[in-house]
Structures are given as structure tokens and as C-alpha cells.
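Below are the chains, spelled out letter by letter.
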Amino acid sequence: MADNLPSEFDVIVIGTGLPESIIAAACSRSGQRVLHVDSRSYYGGNWASFSFSGLLSWLKEYQENNDIVIDSSLWQEQILENEEAIVLIRKDKTIQHVEVFCYASQDLHEYVEEAGALQKNHASVTPVNSSEAADSACLPTEDEPLNTENCEMPEEQTPSSDPESALEVNDAEETGEKENHSDCKTSEEKPNENVPTAEDTAEQPKKNRITYSQIVKEGRRFNIDLVSKLLYSRGMLIDLLIKSNVSRYAEFKNITRILAFREGRVEQVPCSRADVFNSKQLTMVEKRMLMKFLTFCMEYEEHPDEYKAYEDITFSEYLKTQKLTPNLQYFVLHSIAMTSETTSNTIDGLKATKNFLHCLGRYGNTPFLFPLYGQGELPQCFCRMCAVFGGIYCLRHSVQCLVVDKESRKCKAIIDQFGQRIISKHFLVEDSYFSENTCSRVQYRQISRAVLITDRSVLKSDSDQQISILIVPAEEPGSSAVRVIELCSSTMTCMKGTYLVHLTCTSSKTAREDLEAVVEKLFIPYTETGIENEEVEKPRILWALYFNMRDSSNISRNSYNDLPSNVYVCSGPDGGLGNDNAVKQAETIFQNICPNEDFCPPPPNPEDIVLDGDSSQPESSEPSAILEANSETPAGSTTQGNLEESSE
């Protein structure tokens, strides 16, 4: 039981975000006794992914701003005279300025909810279709918390599958057949949930008509990320997944195209050698210019004379000195290097371009991969690895305080919600758990986020299963470029006939103020009258969410007040496209805890495991070893995979 845990561990990790989960897996793999707890009812923290109703439940938590009252007498009595407490908070304050808009038809005549959906009136939505919709603009909510139990992986977030299957980087068409995979439990409980009714069948001739009730009904088809990122195919996270063999717990897809927004329209950017020579947008002279420049970028460090004189200027200015047309300069700056026009210098741009080109071709014709079922799968994969090697997991399990010895100034224990005192040598705490007293000197940045459900892609193509990334440059001084990632249904993040669009930028105002101008350039609100107009080129927004998220990355440890030396701070997601910051942070903290240990080495081969007393017959120990490992694996394992080098 979670209220009767062991009284001593080597490492206690508070929070289940990506850095914390990687560290927990690495420590458990190196033989440390690990306790991994989270006061939330789901894995991932701000790295999590939710079904549609799960997201509405998450919104409800943040729109109910009541402080959580805790009886402090349970733990204060346990603080001795030579000890002091660092109080941790349960109220997560990392999300602000949440705004939800529903543009799809509300279907007022029928009441529909997803299995486990919440009751109405738990979160405000701004409807925009009609005056009637104003009376019914309510988000469905859940009576029960997310389907996550202590020491198990959340079933709503994670599909189950055969643990012996192999992961591959799939083509878009292949995974379309697997759409029912994550909904097997729902369909068993409600066999008629996804069967079209007579009413639905009657409306099928109305092309592209998607209602809010359809989105709610198909809510488990959605896996909506709180943070929008991609994996560079030769990035640190992919290398770690392969090295540790954690990749067998996940499945990935290639980003199929890179887009640019120029002169009010979206166009595809040629980035690989084949794309460049097949492009109809570039003249033959431009193709030669671009290939010559990209070849130089791949080996720019070997030719310092060609860029040393330009080190102090921006990359944008440097590109103007090269023999590149304005068209090519735009593509390189915003769609290949993906750097800032005003703040990135020449070296930053050349490094980013080289990294982009270095990642091309490993798993596809773009440098990027996306995890099926969303970014929230990645923390869960590392949590599984930790559990396999003996880590203990408890969700909905809050920690009241850290207990610090006044004399040594080291943390010696935690006191949990049940008043249990648990001793440990090392403590990792996700930034959002610290109180304002601890963080009074910390200067946080903010990330502006928008999540849209749309009815078509921003750029039509022969296939409706495109996964795209688009950078929209900043137009006003002081603002930042907006990153747009568009996901199709084969990524298992949205229902068929829709696209899930993530917008991200560094905050200067509220999320809606930062992102609305870009949204208006690329999309239009969904209206019933617009359905019949097939000439409308822009995708229609069915549902939209805006929010600001705290960026606690790259904050000096000294900014936190009076932290003991054996307490380590893990940051939430940063605003970058990749995950290198999380991996670097995890490796640095792990080396402080286990200075002489390998960071996430490959797991042992079951055939090489010899149990005590069976050294003379190693073959007979194999079933026992496998059974023991499986018994500790959290429930709901995802499809396994193999990101092998042979995929290049």
C-alpha cells in the first residue's frame, strides 16, 4: 500500500517529468533503491499527453483556483529540534492564462459524452457559432480521476500491446490501421460507442461536418501534448533511447515535410539532396547555390577563413554575404537552421544548419521523429525501465516537506501525506513543487502555447497523412518566431478527418495575444456556412486552447534559497524544439549521485543472467529472470520498438 512504503531509499524523486524519469531509470539501473512519487494522477507533469476528456479534466484543475488546505500538524510534530523543514506545495502554478474556444457545432439536441467524460460546467468555453451555443458552451468533465493507479502506467495515456513486438519508424499509411489499438478498453465497455447511429448516418452526405459531440465521442483518439517537441534523429534523446534499449517501449513516425510561410502562403521546403533537385520552386541556379552552401555547412569547421570575419554579426546578415537569393536565405534561416533572425549569430546558425543536415536520412527524408501517442509516452518509457529494475511508483502521493539537518545542512528525509517519514541519501524535486519562499529569487520565463483541432492540413497534398513543421517568423520587434507542428491521425494523436496543431513561442504577453495573429494567418474559425464552400483554402478551427507555461530551464541552482547540497532541482519543459536540455540535465544530476556509474547502460541479456545457486545451469534461470523482470513492469506497456542504426 502507498501508505506503508519502505522507510529508507537511496534516491527519492518527486515529479514524473522527462528529466526526473530519466534520472530515476538511470539510478534504478545502477542498483540504487528508487522511490518515484507524484502528487498528480498522471505521469509526465507538464510533459504529459491527454485524451480529450483527460485534457478537459486537467483544465478543470487549473480553473479551480482554490488553495489546497493541508493539515500541517501531521508532519510538524515529526520535525525535531535539530531539524527544519522545506515545505513543498501541491498547487501547481506553472500554467496561466488558460482560454478555451469551441467553434464546432454544439449539437444542442443530443447529449453525448465519452466513456468516463466529466459533467458540464466545469470549465468555461467561449462558443462562437451562434447565440444558442452560448447557453450550452460547457466542457464535459470527469466524475473520476484519470485512469491511473499507484505503481501502474496510466491506461488512458498508454496503449497495451505484445511486449515481444518490434518498434519501427513507421510510414504514415501503416499506422492508420492501428487506430483502434488504444481504444480497446473503451470499446469493450461501451461496444456501441463508436458505431454510427441512424442520425449520424443521415448526416454523412454533409461533407466534412465535424461536431463537438463527435470530438467528445472520439475523445480517446486524441493524445494532446502539453509541450510540443520533436526528436532530432541524431539527438541526445534518440541516442539515449537506443543505448538503454528503452526504445522498445515506444514507437515513432517520421516528420514527412518541412514548410515555410512566405507572402501569405504556405509552401514546402526542399531540404534533402533529392528534395532540392526535385523541387519545382527553385531554379537550376538556385539549386546549385543551395547545394554548395549546405555542403559548406556540413564541414564549416574545416574552413574557418570563410566565416571568422562574420562571427560577430547575425546569421541573417551572414546569409546576405553568401551567394544566395532572398528565397534561399529565407529557407535556410527559418526552415533549416530554424534560428532567430535578430539574436542568433553566425556560429549559432552554422551549428544549427549542420545539426539539421547531420540528422537527415537516418530514419527518413527529414531530421525529425515524433513518438506515437504523443510526447507524454517518453517519460512513461523511462518509468518502465526504472520499475523493471526495482523502482517503486506512487501517483496521487504528495510530499509535505523535506527534512533538513540543521548541523550538516543536508536533507535526510521526506514526510508524505500520510505522515510517514522516509529516509534517503539523495532527493530530486521538480521545480513546480517548491514554494514561493524557496523560489523568491528565481526569474522564470514563460512559453506561449496553443492547441488547435482543425479539419484539414495547412498545405494540401496527395496524402492526408502528413506530419509537418512550420516556422512563422516574428513580424514585430520584441516578439519571437512561432513554431507550428501539425499532426495527422496516423500519429495516434487525433481522430480521423482532423488534424492536431501545436503552436509554441517564447512569451511576451498572454498566449492568445502572442499566437492569435499567426492563427488568423493560417486558419479560419469553423462555421456551418463555410462547410459548403469548397473554395475555402485555409483549414477551419474546430476547437482551440491557449495557455502560458512556465519555462524553468537553465536556472542556476544558486537562485533557489537555502537548498541542501543533496537536493537537486529538475526543470520543466523548455521552449526549444528538441529534448537535449532534459537529457543533459538528467546526466549531470546522475553523475553527481553516481559519479563512477555508466549513464543508462543497456540492460543485461536474459540469457546471461545467472541466479544464485544456478551457476552450473545458466539456461534454466532464463525463464525465472524474465518472469521476475516482467512482474515489476508497470501495467499497460506500449508497443516496443527498435531504433537501430540499420534504419539509416
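See the structure shown above.
Just so we're clear, the structure is a prediction, and the values are computed from it rather than from any experiment. For every chain, the first residue of the written sequence is number 1, and numbering continues from 1 along that sequence. Predicted model: local features are reported for residues with pLDDT of at least 70 only, side-chain atom pairs are reported and counted for 80 or more only, and whole-chain, interface and lining totals are derived from all residues. Side-chain numbers here rest on the full set of heavy atoms in the structure, without hydrogens or water.

1. Quick word on the sheet that holds strand β17 (residues 421-423)
Thinking step 1. In spatial order, the strands read β4-β15-β16-β17; together these 4 strands make up an open sheet with antiparallel pairing. The sheet terminates laterally at β4 (83-87) and β17, the two strands that pair on one side only. Pairwise comparison of adjacent strand axes, ignoring direction, gives a mean angle of 30° for this sheet. Whether two strands pair comes down to DSSP finding at least two bridges between them. The helix count covers DSSP runs of H or I at least four residues long, the strand count covers runs of E at least two residues long, and both are numbered beginning at the N terminus. Think of each axis as a best-fit line through the C-alpha atoms, taken over the contacting stretch in the case of a helix, with angles from 0 to 180 degrees between the N-to-C directions.

2. Remarks on the side chain of H334
Thinking step 1. With respect to the helices and strands, the residue H334 is situated in helix α12 (residues 326-336).
Thinking step 2. Excluding anything up to four places from it in sequence, H334 contacts T339, E341, I471 and P473. Whether two residues touch is decided by their heavy atoms; if any such pair falls within 4.5 Å, the residues are in contact.

3. Details of the state of the cysteines
Any covalent bond linking the sulfur atoms of two cysteines counts as a disulfide.
Thinking step 1. Two cysteine sulfur atoms form a disulfide, by the criterion used here, when they sit within 2.5 Å. Evaluation of the coordinates by the stated rule reveals 0 disulfides.
Thinking step 2. The closest cysteine sulfur to the non-disulfide-bonded C600 is located on C27, 8.8 Å from its own sulfur.
Thinking step 3. We call a residue buried when its accessible area falls under 20% of the maximum for its residue type, exposed when it is over 50%, and partly exposed in between, using a 1.4 Å probe and counting protein chains only. Relative accessible area serves as the criterion here: at 0%, C600 is assigned to the buried category.

4. Observations concerning the side chain of R257
Thinking step 1. Counting through the fold element by element, R257 comes out in strand β11 (residues 257-262).
Thinking step 2. Here a polar contact is taken to be a pair of N or O atoms separated by no more than 3.5 Å, where protein atoms must pair a possible hydrogen donor with a possible acceptor and residues adjacent in sequence count only if both atoms sit in side chains. At a separation of 2.8 Å, a polar atom in the side chain of R257 contacts the main-chain carbonyl oxygen of L459.
Thinking step 3. Residue contacts for R257: discarding those within four places in its chain leaves Q268, T366, S457, L459, K460, S461, Q466, I467, S468, I469 and E486.

5. Notes on the sheet that holds strand β14 (residues 392-394)
Thinking step 1. Here 5 strands make up an open sheet; going across it, the order is β14-β2-β1-β18-β25 and the pairing parallel. At either end of the open sheet lies a strand with only one pairing partner, and these are β14 and β25 (567-570). Mean inter-strand twist for the sheet, computed between neighbouring axes without regard to direction, equals 15°.
Thinking step 2. Two elements, strand β18 (residues 426-430) and β25, share 4 bridges in a ladder whose sense is parallel. Considered in β25, the bridge of E430 is made with C570.
Thinking step 3. Sheet strands touched by helix α1 (residues 18-29): β1 (11-14), β2 (34-37), β14, β18 and β25. Its angle to β2, the strand with the most contacts, is close to 160°.
Thinking step 4. The strands touched by helix α17 (residues 580-593) are β1, β18 and β25; relative to β25, the strand with the most contacts, the crossing angle is about 170°.

6. A look at the pattern of salt bridges
Thinking step 1. Whenever Lys or Arg places a side-chain nitrogen within 4 Å of a carboxyl oxygen from Asp or Glu, that contact is recorded as a salt bridge. Evaluation of the coordinates by the stated rule reveals 26 salt bridges.
Thinking step 2. For K425, the salt bridge goes to D10, with nearest N and O atoms at 3.5 Å. On the criterion of sequence distance, the pair formed by K425 in the loop between β17 and β18 and D10 in the segment before β1 is long-range, its members being 415 residues apart.
Thinking step 3. The salt bridge partner of E99 is R512, with a shortest N-O separation of 3.2 Å. In this pair, E99 is assigned in strand β5 (residues 95-102) and R512 in helix α15 (residues 511-522), connecting sequence segments 413 residues apart.
Thinking step 4. By relative accessible area, R512 is classed as partly exposed at 28%.
Thinking step 5. Taken together, the salt bridges that share partners define one network made up of D38, R40, D92 and E430.

Honestly, that's just the spatial picture; any functional story needs more than this.
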